[in-house]
Amino acid sequence: MRLAELSRRSGVSTATIKYYLREGLLPPGRQLNATTAEYDEEHLRRLRLVRAMVQVGRLPVAKVREVLGHVDDESLGSSIRLGAALWALPQVPEPDEDDAYVRAAHEEVAALVDRLGWENAKCLATLSPAYRSLVVTVAAFRRLGYDWGAEQLAPYAELMHRTAVLDLDNMETLPPGAERIEFAILGAILNEPVLRALHRLAQEEETTRRYGFE
C-alpha cells in the first residue's frame, strides 16, 4: 500500500507517519522510486502498536523507540526480549533506601515472593522495576499506618499470577517472534487500564451488594 492508504487504514495522518519514520519508530517502506515507497501489513501493525503506546500508554517518543528496540532485537531470546521491553516502560520513582518504611517494605516483599515460590522474582529482586514499584507502594501504605505485608498481599499476587497465565496463553496463540513480543507489550499498556477499571467496577458492585445505596 502507498502512504495515503496506510494513513487511511490506520487513521494516522501522513505527517505523523512521516515523523514516526524519521524517528525510527516505523521501518522504512520498500522504495519504488525517488519519492514513493510501498508499505505492507507489518507496517500497519507496527503503526497501530506505536499509536497505542503514544496515545493510550502516554509514552514519549524516545521511550517508544527504546521499547521497540528491544522488541526488534532478534539476538535475544524471547524471555530476555520481553523482559527488557517491559523494563523499559515508565516506572514509579526509585525507592529511598534510607527510609525506614522502605526497608520494612523490602522485608515484606521479599517474604511475599518467598511465600509464593516466585524464584525469578527472588533472583532479580531489586533489579526488577516491578519489584521496586511494589516496594515503593507497600512503603506508602505503611507510612499511612496500614501494615500491609506478605500475608495481605499474597491473595492479590495469586490473582495476578492467574492473570499472567492468561496473558501468556493468549500470546502463545500468535506466531513466534516479534509479533508475540508486540502483543505482550500492547497487553502491558492496555490490559493494566482494563484490569484497573474492572477492579473498580467490582468494588462498586460489592460495595452496593453489602451496603446498598446508603
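It should be noted that the structure appears before, not after, this text.
Report follows, based on the coordinates. Keep in mind that this is a model prediction, so the values were computed, not measured.

Some thoughts on the pattern of salt bridges
Overall, the coordinates contain 11 salt bridges when judged by the stated rule. In this structure, glutamate 23 and arginine 65 form a salt bridge, with 2.5 Å as the shortest nitrogen-oxygen distance. Remark: arginine 65 occurs in helix H4 (residues 61–71) and glutamate 23 occurs in the loop between helix H2 (14–22) and strand S1 (30–31); sequence separation between them is 42 residues. Judged by relative accessible area, which is 27%, glutamate 23 ranks as partly exposed. On the accessibility criterion, arginine 65 (36% relative accessible area) is partly exposed. Here arginine 45 ties to glutamate 42 by a salt bridge, and the two come within 2.8 Å at their closest N and O atoms. Taken together, the positions of arginine 45 and glutamate 42, both in helix H3 (residues 41–56) and three residues apart, correspond to about one turn of that helix. Each member of the salt-bridge network shares a partner with another, and the members are Asp114, Glu119 and Lys122.

A look at H3
Look at H3: 22 Å from first C-alpha to last across 16 residues, which is about the 22 Å you get at 1.5 Å a residue. Residues His43, Leu44, Arg46, Leu47, Leu49, Val50, Arg51, Ala52 and Met53 constitute the buried set of H3. Sitting at the amino-terminal end of H3 is aspartate 40, which places a side-chain oxygen 3.0 Å from the backbone nitrogen of glutamate 42. Looking one or two residues beyond H3, the residue adopting positive phi is arginine 58, at roughly 60 degrees.

How each quantity is defined
- Chains are numbered independently. Their residues run from 1 in the order of the written sequence.
- In view of the model being predicted, local features appear only for residues whose pLDDT reaches at least 70, and side-chain atom pairs are presented and counted only at 80 or more, with totals across whole chains, interfaces and linings using the full set of residues.
- Here the side-chain values reflect all heavy atoms present in the structure, with hydrogen atoms and water set aside.
- Here, a salt bridge means any Lys or Arg side-chain nitrogen found within 4 Å of an Asp or Glu carboxyl oxygen.
- Helix and strand definitions here come from DSSP, where helices need a minimum of 4 consecutive H or I residues and strands a minimum of 2 consecutive E residues; each element is numbered from the N-terminal end.
- Burial classes follow relative accessibility: with a 1.4 Å probe on protein chains only, a residue under 20% of its type's maximum area counts as buried, one over 50% as exposed, and anything between as partly exposed.
- To estimate the expected span of a helix, count its residues, drop one, and scale the result by 1.5 Å.
- Polar contact is defined as a pair of N or O atoms within 3.5 Å, subject to the rule that within protein one atom must be able to donate a hydrogen and the other to accept it, and that residues adjacent in sequence are counted only when both atoms are side-chain atoms.

Shape descriptors only; they carry no functional weight alone.
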